[in-house]
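Chain and residue survey
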Protein chains: 2
Amino acid sequence: MQKGLLLVVSGASGTGKGTVCKKLLEEIPTLFYSISATTRQPRIGETDGVEYFFISVDEFKNWIAEEKFLEYAEVYGNFYGTPIHKIEERLQRGEDVLLEIDIQGALNVMKKRPDGVYIFLLPPSLEELANRINGRGSESPETFSRRFNAAKNEIAVGEKYQYVVVNDTVDAAVEKIKSIIAAERCKVKRNEFLFEKLLEN
Amino acid sequence: MQKGLLLVVSGASGTGKGTVCKKLLEEIPTLFYSISATTRQPRIGETDGVEYFFISVDEFKNWIAEEKFLEYAEVYGNFYGTPIHKIEERLQRGEDVLLEIDIQGALNVMKKRPDGVYIFLLPPSLEELANRINGRGSESPETFSRRFNAAKNEIAVGEKYQYVVVNDTVDAAVEKIKSIIAAERCKVKRNEFLFEKLLEN
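The structure reproduced in this document is the subject of the present report. (Residues numbered from 1 in each chain as written. Chains lettered and ligands numbered in written order. Predicted model: local features only at pLDDT ≥ 70, side-chain atom pairs only at ≥ 80, totals over all residues. Heavy atoms only, no water.)

**Details of the sheet that holds strand β5 (residues 69–75) of chain A**
All names here are of chain A. Spatially, β4-β3-β6-β5 is the arrangement adopted by the four strands of the open sheet, whose pairing is mixed. Of all strands in the sheet, those with a lone pairing partner are β4 (52–54) and β5, marking the two edges. Neighbour-to-neighbour, the strand axes of the sheet open up by a mean angle of 25°, direction not taken into account. Bridge analysis of β5 against strand β6 (residues 78–83) gives six bridges, and the strand direction is antiparallel. The residue of β6 that forms the bridge with Val75 is Asn78. The strands touched by helix α2 (residues 57–65) within the sheet are β3 (36–38), β5 and β6, with β6 carrying the most contacts at an inclination of about 40°. (Pairing = 2+ DSSP bridges. Helix = DSSP H or I, 4+ residues; strand = E, 2+ residues; numbered from the N terminus. Axes fitted to C-alpha atoms, helices over the stretch in contact; angles between N-to-C directions. Contact = heavy atoms within 4.5 Å.)

**Notes on the relation of the copies chain B and chain A**
Turning one copy of the chain about an axis and sliding it along that axis gives the other copy, so a rotation and a shift relate them. When chain B is brought onto chain A, the operation consists of a screw motion whose angular component is 180° and whose axial shift is 0.0 Å, with 0.0 Å RMSD remaining. What the rotation and shift describe, once combined, is the action of a two-fold rotation axis. Nearest to the rotation axis, the C-alpha of Ser179 of chain B is located 2.2 Å from it, this being the minimum over chain B. A symmetric contact is evident, with 100% of the interface residues of chain B recurring at the interface of chain A. (Least-squares fit on C-alpha atoms with pLDDT ≥ 70 in both.)

**With respect to the pairing of strand β7 (residues 97–100) of chain B**
All names here are of chain B. Pairing between strand β1 (residues 6–11) and β7: four bridges, direction parallel. Residue pairing in the sheet places Val8 in a bridge with Leu99 of β7. Across two bridges, the pairing between strand β2 (residues 32–33) and β7 is parallel. Bridge pairing links Phe32 to Val97 in β7.

**A word on the state of the cysteines**
According to the stated counting rule, one finds zero disulfides over all chains in the structure shown. Of all cysteine sulfurs, the one in Cys186 of chain A lies closest to Cys21 of chain B, which takes part in no disulfide; the gap is 15 Å. (Disulfide = S-S within 2.5 Å.)

Take a look at the structure:
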């Protein structure tokens, strides 16, 4: 049997990663969304086990010691990590798993899981990216400039991924990701069991 | 602009390569079918420039000398080759080109064109493969056995391809190839121009 695909979707700030992943999950109900763990406080409206597993710093450190994370990082004093145990369970059952993680996290996962499928979302243009960053309410030209340059630096990292999907419309981006899933399932390296079955006698 | 894809579709005898490619061309009218050249005589119903370019041995040798072939081979005293000039023209215009060629030809193309997309068709089972070979009217158990073993040897070569598509139904196989085309167009290595455009300023 074929193992499930580990799909890793990232993108620079303002590329609409969250919206694309939400739509993808709606369209593929069997796709398992891997929930991250964090030590930061839940915001209003966030529920433990939905947006994140909200755990204490001690618990987080235990999980690190027990090698329960595929990757983790500290960002502005809070820990964020991708728990591995649920992921492996699903993949072994042949189910696809979606990881919606930031670029640094994705680069860490790449090292550990070369069998993953790494998809990078791009904005349709720099103008559109600028609009989306402005839409979040930058206070000053300096802040805008800093965020915009940071996003451009993030975009450059996309060349380390396998696939790039331009998010001009959410529907088109989701269709492309669905094609990537179907194509990856046809990769020879994921179908060695088929050759074995056909050639064993 | 993105170059077109060089799609190479092969498969062992009896896997239905011809039927799948015909349907694929019907569904994607912009896909350019690369016609091979041969020195064998046309059979009844075959037209020059449709099934093959029927050329003389002298002409074939000239084409070899002029490096007009992506690959060529001699099979049972006849030459068969894949003319390159039309292919390059189309690819440069961003159009996808379909090569429906035998396994040996595909392996030769692989060496020259690592940017190609190599798809191998598999029969759904050995029973089905046996039925299809029998359906062609083998005269004796020995002949059947020889053809069947040859097909099995051909299947083993499939592991050198990038993609494998099981031809259980023609429609499903065509859908998978369409997904492979869409996914390949998203490969980062085929989209360097996008990164350049986004990062140039």
